[in-house]
Amino acid sequence: MRKASVNRDTLETQIKVSLNLDGEGRGKFDTGVPFLEHMLDQIARHGMIDLDITCKGDVHIDDHHTVEDIGITLGKAITEAVGDKKGMTRYGHSYVPLDEALSRVVIDFSGRPGLVMDVPFTQKRIGNFDTELFYEFFQGFVNHALVTLHIDCLKGHNAHHQVETVFKAFGRALRMALTPDPRMAGTMPSTKGVL
């Protein structure tokens, strides 16, 4: 089983991420940021990843450090669980609709961090949650998972729907990329021989 457990302790946050990439899509979250937990649950369910995240953060200031640092720690945990990448599909993509909203996410476990995110949020806040923090989450993730990630919200006027389609598509793209390819068993999915 491809599993990992990673702790990250700073003066701003104390985080533990445990995951199983070959899980059943179960999520357990205690982060102090309910809307983020709702989105993390989309990653678990649609990625078929068992995901347990706890965080004690300085949310009395705002949610920024908690959201960004969870992205960082999740990226580190996925990197650890993936291992040497031999036999993995490597690339993943998904389109996901939710009513009027439609998002596309494409991921490459390239070993090179890169984020291109085009999500024209129609609101700055969803409840108490600042939509700009989703960029920080994904930037932290790509920097530590060492992936190239393209996120596009193609349609939508409800900000909650926009975000939810992004996270569902992200989960499904992860699932595709992380799926072992029996034809590539023991082989690095790159002509360079390394990722």
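That block above? That's the structure.
Residues numbered from 1 in each chain as written. Predicted model: local features only at pLDDT ≥ 70, side-chain atom pairs only at ≥ 80, totals over all residues. Heavy atoms only, no water.

### Concerning the packing of aromatic side chains
And then number 1: Within the structure shown, the criterion is met by 10 aromatic pairs.
And then number 2: Summarising the aromatic geometry, the rings of Phe137 and Phe138 are spaced 5.1 Å apart at their centres and angled 85° between planes, so their arrangement reads as edge-to-face.
And then number 3: Using a relative accessible area of 0% as the deciding quantity, one classes Phe138 as buried.
And then number 4: Of the aromatic side chains, those joined through ring pairs into one cluster are Phe35, Phe121, Phe129, Phe134, Phe137, Phe138, Phe141, Phe167 and Phe170. (Phe/Tyr/Trp six-rings, centres within 6.5 Å; stacked < 30°, edge-to-face > 60°. Buried < 20%, exposed > 50% of the residue type's maximum accessible area, 1.4 Å probe, protein only.)

### Concerning the pattern of salt bridges
And then number 1: For the coordinates displayed, the defined rule picks out nine salt bridges.
And then number 2: With its nearest N and O atoms 2.8 Å apart, the salt bridge here joins Arg2 to Asp22. Taken together, the positions of Arg2 in the segment before strand E1 (3-9) and Asp22 in the loop between strand E2 (13-20) and strand E3 (27-30) put the pair 20 residues apart, joining distant regions of the chain.
And then number 3: Exposure remark for Arg2: the relative accessible area of 19% places this residue in the buried category.
And then number 4: By relative accessible area, Asp22 is classed as partly exposed at 31%.
And then number 5: With a shortest N-O distance of 3.6 Å, Asp30 and Lys56 are connected by a salt bridge. Of this pair, Asp30 sits in strand E3 while Lys56 sits in strand E4 (residues 50-57); the two residues are 26 residues apart in sequence, bridging distant segments of the chain. (Salt bridge = Lys/Arg side-chain N within 4 Å of Asp/Glu carboxyl O. Helix = DSSP H or I, 4+ residues; strand = E, 2+ residues; numbered from the N terminus.)

### A short note on the sheet that holds E3
And then number 1: Here four strands make up an open sheet; going across it, the order is E1-E2-E4-E3 and the pairing mixed. Only two strands of the sheet have a single neighbouring strand rather than two, namely E1 and E3. The sheet shows a mean angle of 5° between the axes of neighbouring strands, direction not considered.
And then number 2: By the bridge criterion, four bridges tie E3 to E4 in an arrangement that is parallel. Paired with Phe29 across the strands is Ile53, a residue of E4.
And then number 3: Packing against the sheet, helix H1 (residues 34-47) makes contact with E3 and E4, and its axis sits at approximately 160° to E3. (Pairing = 2+ DSSP bridges. Axes fitted to C-alpha atoms, helices over the stretch in contact; angles between N-to-C directions. Contact = heavy atoms within 4.5 Å.)

### Structural notes on unusual backbone geometry
And then number 1: We note that Lys85 has phi near 75°; this positive angle belongs to a residue other than glycine.
And then number 2: Here Lys85 lies in the loop between helix H2 (64-82) and strand E5 (91-98).

### Observations concerning the environment of His150
And then number 1: If you trace the backbone, His150 turns up in strand E10 (residues 148-155).
And then number 2: Between the C-alpha atoms of His150 and Thr13, which are 137 residues apart in sequence, the distance is 27 Å.
And then number 3: Those residues in contact with His150 that sit more than four places away from it in its chain are Arg104, Val105, Val106 and Val116.

### Digging into helix H4 (residues 159-178)
And then number 1: In this model, H4 (20 residues) spans 29 Å end to end at C-alpha, consistent with the 28 Å of a helix rising 1.5 Å per residue.
And then number 2: Judged by how many residues are buried, H4 sits mostly within the fold: 16 of 20 residues are covered.
And then number 3: The N-capping residue of H4, defined by a side-chain oxygen 2.9 Å from the backbone nitrogen of His160, is Asn158. (Expected span 1.5 Å × (residues − 1). Polar contact = N/O pair within 3.5 Å; in protein donor to acceptor, adjacent residues only side chain to side chain.)

### Some words on the environment of Met88
And then number 1: Mapped onto the fold, Met88 is located in the loop between H2 and E5.
And then number 2: Residues Met88 and Ala185, 97 residues apart in the sequence, show an inter-C-alpha distance of 7.7 Å.
And then number 3: Among all residues touching Met88, those that are not within four sequence positions of it are Val82, Phe109, Ala177, Leu178, Thr179, Pro180, Asp181 and Pro189.

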